[in-house]
Amino acid sequence: MSIPVIDPATLETVATVADHGPGEARQAVDTAAAAFRDWSRTAPRRRSEVLHKAFELMLRDRDELALLISRENGKSLADATGEVTYAAEFLRWFAEEAVRPGGEYGSAPAGGARTLVSHRPVGVAALITPWNFPAAMVTRKIGPAIAAGCTAVLKPAAETPLTAIAIVELLVEAGLPDGVVTVVTTSDPASVVGTWLDDPRVRKISFTGSTPIGRILLRQAAERVVNSSMELGGNAPFVVTADADVEAAVAGAMIAKFRNGGQACTAANRFYVHDAVYDTFVARFGAEVEKLTVGAAADGAAIGPLINEKALVRVRAAVEETIAEGARISHRAADGPQTGWFYPPTVLADVPATAAILQEEIFGPVAPIARWTDEEELLTLVNDTEYGLAAYVFAGDLRQAVRIGEAIDAGMVGINRGLVSDPSAPFGGVKQSGLGREGAREGLREFQETQYLSVDWGL
Ligand code: ADP
């Protein structure tokens, strides 16, 4: 059995990969469990060197990897190249963290006992990644798992397995011992991941994907109290205040909205622009949006297709619904080719505060823009969502920017920046956007468990 990998721009089959089931899923855990003893005892410096070498190899192969990402995901070559660099940086960051597992030595307040605190690898980890960042979501999980001394089984999204396979091959070339990471490709994720969560040898799940699937996995993980990290959906507000530098806000909006064609959990999903600069912002942003070219990465287009037909139907319906609710299309880029799941970047102006699109994750190149005047009302609207991943604030007065930023229930807030992701920063959400953090020191801790020895040294 095999799964075709389809280029969403041309609908051509790029390659096929094996379609694995519960049997192979269990074998992958056998492999990871067997490799754990040696890998968890491998010197941190050695683990660090493997990661560092893999970082260099990813940069060596950057153009090739970018092409692969573009072919299976559809994103532009510029986005794909940026992703490879970003993905590689996780390997470098965790190479540097691997040699700093930390620990503590304490004395009991009453005297006598001494406490030795250490951070140990949690065990075999199940890693589940989505299709929207086929490289970065893999390295953001594999990097800390390897650095911590865990072994792993990895299930990439069926739409984009090729990049994951290529990255694991580079890790092996960099010296990663056999069996430390095994990739399992499948068209039936529920059976593979279910098998892993049932297996007592699997002690960790790290998942990036939608909130509904995250909920299912958390319920399954509860059975054996499996350590869980969840990076789930978002509904990022993009706030522009009355005294914001409109040109900077437009530049930030182009990144926050159109990186990856809007298919990012941190994508600006709803724009709240102050009445004083609303018309200027819409006109300037709209003019930039109209310049975007839509098409295949191979043709140098800025915006690629959506991942599949289902996504296209969903985005189209969301725009039609918003127009029925009173919004209007103020600006739109030229249509892309007929073949492929293309949707033209679209600006929706005069969006009512009650519009459904402001509550849904759009995951496409559509920017709905609402108007605001009162900061308190703005904050109520902004926080009226089950999500809390990212947010963006553009303001001239930095005090107001920080005040609004701190009042938003989100794990990450970009202040006068359209991009929040950074391997050295703890990426993650609050509310139903997730549990745990990826990147930074916290990202390593997600793959470690704290143990202490309470020692009577007879002192
Ligand atoms: P998206 O809507 O972005 O595709 P999903 O949450 O459906 O997000 O997918 C993210 C990852 O979760 C992918 O690797 C996918 O194969 C996997 N997945 C989807 N459904 C399930 C499930 N029932 N159990 C485990 N993994 C799943």
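Structure: above.
Throughout this document, residue positions are counted from 1 along each chain, in the order its sequence is written. Side-chain atom pairs in this predicted model are given and counted only at pLDDT of 80 or more, local residue features only at pLDDT of at least 70, and totals for whole chains, interfaces and linings cover all residues. Hydrogen atoms and water are omitted, and side-chain values are computed over all heavy atoms in the structure.

## Some thoughts on the site of the ligand
Proximity is defined per residue: if any heavy atom of the residue lies within 4 Å of a molecule or strand, that residue is considered near it. Residues in contact with the ligand amount to 14 residues; listed here are only the nearest, Thr129, Trp131, Lys155, Phe207 and Ser210. Two N or O atoms count as a polar contact when they lie within 3.5 Å, although within protein this holds only if one can serve as hydrogen donor and the other as acceptor, and sequence-adjacent residues are included solely when both atoms are side-chain atoms. A distance of 2.7 Å separates an oxygen atom of the ligand from a polar atom in the backbone of Thr129. Trp131 places a polar side-chain atom, nitrogen or oxygen, 3.0 Å from an oxygen atom of the ligand. Shrake-Rupley sampling with a 1.4 Å probe provides the accessible areas, and residues are treated as covered by the protein chains on show and by no other component. In the complex, the protein chains occlude 77% of the 550 Å² of accessible area that the ligand would expose alone. If you tally residues by element for the shell around the ligand, the top one is helix α7 (residues 189–198), at three residues. Classification used: nonpolar for Ala, Val, Leu, Ile, Met, Phe, Trp, Tyr, Cys and Pro, charged for Asp, Glu, Lys and Arg, polar for all others including Gly. Classifying every residue of the shell around the ligand gives nine nonpolar, four polar and one charged. Helix and strand labels come from DSSP, where a helix needs a run of H or I of at least four residues and a strand needs a run of E of at least two; each type is numbered from the N terminus.

## Some thoughts on the nonpolar core
Burial of nonpolar side chains together is a common tendency in soluble globular proteins. Residues enter a nonpolar core if they are buried and are Ala, Val, Leu, Ile, Met, Phe, Trp, Tyr or Cys, with the set joined through side-chain atoms within 4.5 Å. Partly exposed residues are those whose accessible area sits between 20% and 50% of the maximum for their type, while under 20% is buried and over 50% is exposed, using a 1.4 Å probe and protein chains only. Membership of the largest hydrophobic core comes to 50 residues, with the highest contact counts inside it found for Met58, Ile142 and Val181. Those elements that place two or more of their residues in this core are α2 (44–60), α3 (62–73), α4 (77–98), β5 (124–128), α5 (136–148), β6 (151–155) and α6 (161–173). Considering every element that reaches this core, the biggest residue donor is α4, with 10 residues. Throughout, a contact is declared for two residues whenever any of their heavy atoms are within 4.5 Å. Among residues more than four places away in sequence, those in contact with Val181 are Ile142, Ile146, Ala152, Leu154, Val168 and Leu176. Judged by nonpolar contacts, the second largest core, of 39 residues, contains Ala244, Val246, Cys265 and Ala349.

## So, α7
Among the 10 residues of α7, seven are classified as buried, and the element is accordingly described as predominantly covered. Buried within α7 are the following residues: Ser191, Val192, Val193, Gly194, Thr195, Trp196 and Leu197. On the buried face of α7, the contacting elements are α1 (22–41), β5, β6, β8 (202–208) and α8 (211–223).

## Focus on helix α11 (residues 309–324)
Between its first and last C-alpha, α11 extends 23 Å over 16 residues, near the 22 Å set by a 1.5 Å rise per residue. Taken together, the buried positions of α11 are occupied by Ala311, Leu312, Val315, Ala318, Val319 and Thr322. Along α11, the residues classed as buried sweep out an arc of 130 degrees about the axis, all on the same side. Seen from the open side of α11, the exposed residues pointing more than 90 degrees away from its buried face are Lys310, Glu320 and Ala324. Each element contacted by the buried residues of α11 is listed here: β12 (328–332), β13 (346–349) and β14 (366–372). Count one or two residues on from α11 and you reach Gly326, which has phi positive near 120 degrees. Helix span is expected to be 1.5 Å times the residue number reduced by one. Note that the arc is defined by the directions from the helix axis to the C-beta atoms.

## Quick word on the sheet that holds β14
Pairing between two strands requires that DSSP report at least two bridges joining them. If you walk across this open sheet you meet the seven strands as β12-β13-β14-β11-β10-β15-β16, and the pairing is mixed. Of all strands in the sheet, those bounded by a partner on one side alone are β12 and β16 (412–415). Strand-to-strand twist across the sheet, computed as the mean angle between neighbouring axes with direction ignored, equals 25 degrees. Here an axis means a line fitted to C-alpha atoms, over the contact stretch when the element is a helix, while the angle between two N-to-C directions is reported on a 0 to 180 degree scale.

## What to know about the packing of α7 against α8
Close contact between α7 and α8 brings their axes to 9 Å; oriented N to C, the two are set at 30 degrees. The orientation of α7 with respect to α8, classified from their angle, is roughly parallel. Relative to α8, α7 is oriented so that their crossing is right-handed. Here α7 contributes Val193, Gly194 and Leu197 to the contact with α8, which in turn contributes Leu217, Gln220 and Ala221. Looking at side-chain class alone, the contact of α7 with α8 contains four nonpolar, two polar and no charged residues. Each angle is binned into one of four classes, with values under 35 degrees roughly parallel, values over 145 roughly antiparallel, values of 65 to 115 roughly perpendicular, and all other values oblique. The handedness criterion is simple: a crossing whose near helix is rotated anticlockwise from the far helix by less than a right angle is left-handed, and one whose near helix is rotated clockwise is right-handed.

## So, unusual backbone geometry
Phi angles above zero are rare outside glycine, and Leu11 is one such case at about 65 degrees. By relative accessible area, which is 34% here, Leu11 ends up partly exposed. Positive phi outside glycine occurs at Ala440, with the angle close to 60 degrees. You can see Ala440 is positioned in helix α14 (residues 440–445).

## Let's talk about the side chain of Arg270
By the secondary structure assignment, Arg270 is in strand β11 (residues 268–274). Only four residue types enter the charge count: Lys and Arg as positive, Asp and Glu as negative, with His and the chain ends excluded. By definition here, a salt bridge exists when the distance from a side-chain nitrogen of Lys or Arg to a carboxyl oxygen of Asp or Glu is within 4 Å. No salt bridge forms around the buried Arg270; measuring N to O, its nearest opposite-charge neighbour Asp384 is 7.3 Å away. In this structure, Arg270 is in contact with Asn235, Ala236, Pro237, Phe238, Leu358, Pro368, Leu381, Val382 and Thr385, ignoring residues within four places of it in sequence.

## Describing the packing of aromatic side chains
Aromatic rings from Phe, Tyr and Trp, taking only the six-membered ring of Trp, are treated as a pair when their centres fall within 6.5 Å; an angle between ring planes under 30 degrees marks them as stacked, one over 60 as edge-to-face, and anything in between as tilted. Following the criterion strictly, the structure yields 10 aromatic pairs and no others. Ring centres of Tyr86 and Phe90 lie 5.0 Å apart, and the angle between their planes is 65 degrees; on these two criteria the pair is classed as edge-to-face. Here the residue Tyr86 and the residue Phe90 both occupy positions in helix α4, the gap between them amounting to four residues, near one helical turn. Just as Tyr86 is buried, Phe90 falls in that class too. Both rings, one in Phe271 and one in Phe285, keep their centres 5.5 Å apart while their planes meet at 35 degrees; by these two values the pair is tilted. Of this pair, Phe271 sits in strand β11 while Phe285 sits in helix α10 (residues 275–291), and the two are 14 residues apart along the sequence. The burial state of Phe271 is the same as that of Phe285; both residues are buried.

## Some remarks on the pattern of salt bridges
Any two side chains of opposite charge can pair, so long as their charged atoms come close to each other. Evaluation of the coordinates by the stated rule reveals 23 salt bridges. Salt-bridge contacts for Arg46 lead to Glu49; the nearest nitrogen and oxygen are separated by 3.5 Å. Of the two residues, Arg46 and Glu49 are both situated in helix α2; the distance of three residues between them amounts to about one turn of the helix. On the basis of relative accessible area, Arg46 is assigned to the partly exposed category, the value being 36%. For Glu49, a relative accessible area of 42% puts it in the partly exposed group. Across the pair Asp199 and Arg201 runs a salt bridge whose closest N-O atoms are separated by 2.8 Å. Residue classification places Arg201 among the partly exposed residues on the basis of a relative accessible area of 33%. One network of salt bridges, with partners in common, ties together Asp275, Asp279, Arg328, Asp350 and Arg371.

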